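What follows is each chain in one-letter form.
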Amino acid sequence: VNAPAAFVAGWPVSHSRSPLIHRYWLNRYGIVGDYRPEAVPPDGFAEFAASIASKGYVGGNVTIPHKEAAFRACNVTTPAARSLGAVNTLWIQYGTLHGDNTDVFGFTANLDETAPDWRAARTALVLGAGGAARGVVRALLDAAISAVTVLNRTPERARDLALAAGQGVRGGGLDDLDEALGAADIVVNATPAGMDGAAGFTVDWSRARRGAIAVDIVYVPLMTPFLAGAATAGLRIVDGLGMLLHQAAPGFERWFGRRPEVDGELRRAVLADLGA
Ligand code: ATR
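In this text, all values refer to a predicted model and were calculated from it rather than measured experimentally.

(A) Examining the layout of surface pockets more closely. Empty space within the largest pocket amounts to approximately 1,500 Å³. Along its surface, the largest pocket is lined by 50 residues, and Ile64, Lys67, Ala132, Pro192 and Ile217 are the ones closest to its centre. Among the secondary structure elements, those contributing two or more residues to the lining of the largest pocket are β3 (57-62), α3 (67-73), α5 (103-114), α6 (131-142), β8 (147-152) and α10 (241-256). In terms of residues, the lining of the largest pocket owes the most to one element, α6, which gives 5 residues. Grouping the amino acids of the lining of the largest pocket by side-chain chemistry returns 25 nonpolar, 18 polar and 7 charged.

(B) Highlighting the packing of aromatic side chains. Evaluation of the coordinates by the stated rule reveals 9 aromatic pairs. On the numbers, 5.4 Å between centres and 65 degrees between planes, the contact of Trp25 with Phe252 is edge-to-face. In this pair, Trp25 sits in helix α1 (residues 18-28) while Phe252 sits in helix α10, placing the two residues 227 residues apart along the sequence. The pair formed by Trp25 and Phe252 is uniform in burial state, with each residue classed as buried. Ring pairs connect the aromatic residues Trp25, Tyr35, Phe252, Trp255 and Phe256, which therefore count as one cluster. Across the ring face of Trp91, the terminal group of Arg254 is positioned such that the distance to the ring centre comes to 3.6 Å.

(C) Just the pattern of salt bridges, in detail. Evaluation of the coordinates by the stated rule reveals 13 salt bridges. The residue Arg119 makes a salt bridge to Asp112 at a minimum N-O spacing of 2.8 Å. Here Asp239 makes a salt bridge to Arg267, at a shortest N to O gap of 2.8 Å. Taken as a pair, Asp239 in the loop between β12 (236-238) and α10 and Arg267 in helix α11 (residues 264-274) lie far apart in primary sequence, 28 residues in all. A residue is classified by how much of its surface remains accessible, and Arg267, at 27% relative accessible area, is partly exposed. Salt bridges here are not isolated pairs; linked through shared partners, they connect Asp178, Asp204 and Arg207.

(D) Main features of the packing of α10 against α11. Here α10 crosses α11 at 120 degrees, and the two axes come no closer than 11 Å. For α10 against α11, the interelement crossing comes out right-handed. Contact with α10, carried on its side by Leu241, Gly242 and Leu245, involves Leu266, Arg267, Val270 and Leu271 of α11 and no other residues of that element. Residue composition of the contact of α10 with α11, by class: 5 nonpolar, 1 polar and 1 charged.

(E) A look at unusual backbone geometry. The step from Trp11 to Pro12 runs through a cis peptide bond, and the omega angle for that step is -5 degrees. Its identity as a non-glycine residue notwithstanding, Tyr94 has a phi of 45 degrees, on the positive side. Among the secondary structure elements, Tyr94 is positioned in the loop between β5 (89-93) and β6 (96-100). We note that Ala144 has phi near 65 degrees; this positive angle belongs to a residue other than glycine.

(F) Quick peek at the site of the ligand. The full set close to the ligand counts 14 residues, and Ala129, Gly131, Asn152, Thr154 and Arg157 are the nearest of them. One of the side-chain N or O atoms of Asn152 is found 2.6 Å from an oxygen atom in the ligand. A distance of 2.8 Å separates an oxygen atom of the ligand from a polar side-chain atom of Arg157. Taken by itself the ligand offers 640 Å² of open surface, and the protein chains cover 70% of this. With respect to the pocket detection grid, the ligand is positioned in the largest pocket. A breakdown of the residues in the shell around the ligand according to their chemical character gives 5 nonpolar, 7 polar and 2 charged.

(G) View of the sheet that holds β3. With mixed pairing, 6 strands are arranged side by side in an open sheet as β2-β1-β3-β5-β6-β4. Looking at strand neighbours, the two that pair on one side only are β2 (34-39) and β4 (76-77), the edges of this open sheet. Against the sheet, α10 makes contact with β1 (5-10), β2, β3 and β5, and its axis sits at roughly 20 degrees relative to β5, the strand it touches most.

Reading guide: rules and limits
- Residues numbered from 1 in each chain as written.
- Predicted model: local features only at pLDDT ≥ 70, side-chain atom pairs only at ≥ 80, totals over all residues.
- Heavy atoms only, no water.
- 1 Å grid on protein atoms, 1.4 Å probe; cavity = no way out; pocket = protein on both sides within 12 Å on 5 of 7 lines; lining within 4 Å.
- Points joined across faces, edges and corners; volume = space filled by probe spheres on them.
- Helix = DSSP H or I, 4+ residues; strand = E, 2+ residues; numbered from the N terminus.
- Nonpolar A, V, L, I, M, F, W, Y, C, P; charged D, E, K, R; others polar.
- Phe/Tyr/Trp six-rings, centres within 6.5 Å; stacked < 30°, edge-to-face > 60°.
- Buried < 20%, exposed > 50% of the residue type's maximum accessible area, 1.4 Å probe, protein only.
- Lys NZ or Arg CZ within 6 Å of the ring centre and 35° of its normal.
- Salt bridge = Lys/Arg side-chain N within 4 Å of Asp/Glu carboxyl O.
- Axes fitted to C-alpha atoms, helices over the stretch in contact; angles between N-to-C directions.
- Left-handed = near helix turned anticlockwise from the far one by under 90°.
- Contact = heavy atoms within 4.5 Å.
- Near = heavy atom within 4 Å.
- Polar contact = N/O pair within 3.5 Å; in protein donor to acceptor, adjacent residues only side chain to side chain.
- Areas by Shrake-Rupley, 256 points an atom, 1.4 Å probe, with all protein chains shown as cover.
- Sits in = over half its atoms within 2 Å of the grid points.
- Pairing = 2+ DSSP bridges.

Structure, rendered in structure tokens:
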């Protein structure tokens, strides 16, 4: 029997930290297996999907820009994948391609670990209206947070997201940021703004609720301008690295047969690789 191998498919894929994470776990648990990056060009996912089994893979991860194409390529999908129309974790079972989306799980598991009382929040504010924001809104609703405001640079996209998400979700533009901030128990940045160190938008954190939690899904840099501002104002902050580590665990378990632990040593290994 060949050692099981998994992949991460993306374009570009060289920046992905998934190989580091999965190889850390393989090594840590003494599992003979492999995890490899696969550079798949923007229009190439369907072709790649058809070759997964013949390349000897048991499954893999999918990252930008292929999550929607991966969803379409699957024969079987989980409810989480269907609710987002996007897949980030693939596996082959009895010759059939299955897909899950573990981003919602990763977001939730990370908050459960680092700020467990987030589930007591009643009002949430989400910045951004792309695929990442859709996952965050799903996680908030699943945690029974009943009032969610989605604000976006392009207000129309936030309104569309809110409409699709259903009752209790309203959308708007960044003009409403100050007012919405004052009502929020949890504030999530689901935009890539801050990745280059630029804020993208300004948050007047003096308006935030005492005891509110600020969450960023960006992990490069770890301390985004968004989180730095929140910390200065005395809010609790949750960075994006924990979500990255937790979303990886369900895939590893499917491919390699053991539920891996997200521990401090893994976090330090990824931080060192990020140069943080
Ligand atoms: P993803 O699927 O990763 O969420 P996306 O669909 O491209 O990616 O969505 C990116 C989100 O971040 C969008 O909400 C985008 O705002 P627009 O809809 O107006 O484009 C938001 N975004 C990106 N860069 C931003 C910036 N510099 N300032 C504010 N919002 C930004």
